[in-house]
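Commentary on secondary and tertiary structure
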Amino acid sequence: MKKIAWILISLMVFTAAAFAADIEMKSVKSSLIDKIGYDPAAKTLVVQMNNSSDTYTYEGVSQAVYDDFLAADSKGAYFVEHIKGKFSHDKDE
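Quick summary incoming for the structure in this document. (Residues numbered from 1 in each chain as written. Predicted model: local features only at pLDDT ≥ 70, side-chain atom pairs only at ≥ 80, totals over all residues. Heavy atoms only, no water.)

A few points about the nonpolar core
It is characteristic of soluble globular proteins that their nonpolar side chains tend to be buried jointly. Heads up, the rule is: Residues belong to one nonpolar core when they are buried, are Ala, Val, Leu, Ile, Met, Phe, Trp, Tyr or Cys, and are joined through side-chain atoms within 4.5 Å. For every residue, the accessible area (1.4 Å probe, protein chains only) is compared with the maximum for its type, and the residue is labelled buried under 20%, exposed over 50%, or partly exposed between those bounds. The way it works is that DSSP assigns letters per residue, a run of H or I at least four long becomes a helix, a run of E at least two long becomes a strand, and they are numbered from the N terminus. Contacts were defined at the residue level, with two residues in contact if any of their heavy atoms lie within 4.5 Å.
Counting residues in each nonpolar core, the largest one holds 18 residues, and the members touching the most others are Ile33, Leu45, Val47, Tyr58, Phe69, Phe79 and Ile83. Going through the elements one at a time, β2 (33-39), β3 (44-49), β4 (55-59), α2 (63-71) and α3 (75-83) are the ones with two or more residues in this core. Filtering out sequence-adjacent residues up to four positions away, Leu45 remains in contact with Ile36, Gly37, Tyr38, Tyr56, Thr57, Tyr58, Val61, Tyr66, Phe69 and Ile83.

So, in structure tokens, the structure goes:
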């Protein structure tokens, strides 16, 4: 049973990573965030961090939230206030 659970978890992680790889990423000016990408059809936001290169894939993100994120003077502050902890996500290291 544990082996099946590990296989399923591995498949989910690889699927999320492969999906995120298909989203065009845009570099942004931020001390926290390196790149941001968005798939409007899937309402999926991908955020790559600056210092660790960790990539987070957020589900159910509206176009308006993405547009506001890109337009924010402080991408890090917007991320912490409006995205982090507000949407379900996967982490790809």
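On we go.
Structural notes on the packing of α2 against α3
Note the threshold: Orientation is described by axes fitted as lines to C-alpha atoms, over the contacting stretch for helices, and by angles from 0 to 180 degrees between their N-to-C directions. Small angles under 35 degrees read as roughly parallel and large ones over 145 as roughly antiparallel, with 65 to 115 read as roughly perpendicular and the rest as oblique. Gly is placed with the polar residues, together with every amino acid not listed as nonpolar (Ala, Val, Leu, Ile, Met, Phe, Trp, Tyr, Cys and Pro) or charged (Asp, Glu, Lys and Arg).
Put simply, α2 and α3 touch, their axes get as near as 8 Å, and they point 150° apart. It follows that α2 is roughly antiparallel to α3 by the angle criterion. The residues of α3 that touch α2, namely those facing Val65, Asp68, Phe69, Leu70 and Ala71, are Lys75, Tyr78, Phe79 and Ile83. Its residues assigned to classes, the contact of α2 with α3 shows seven nonpolar, no polar and two charged.

Things to note about the pattern of salt bridges
Quick reminder of the rule: Think of a salt bridge as a Lys or Arg side-chain nitrogen and an Asp or Glu carboxyl oxygen that are within 4 Å of each other.
In the structure shown here, the tally under the stated rule is one salt bridge. Measuring nitrogen to oxygen at the nearest pair gives 3.4 Å for the salt bridge that ties Lys91 to Asp54. In this pair, Lys91 is assigned in strand β5 (residues 89-92) and Asp54 in the loop between β3 and β4, connecting sequence segments 37 residues apart. With a relative accessible area of 40%, Lys91 lands in the partly exposed category. Overall, the relative accessible area of 12% leaves Asp54 in the buried class.

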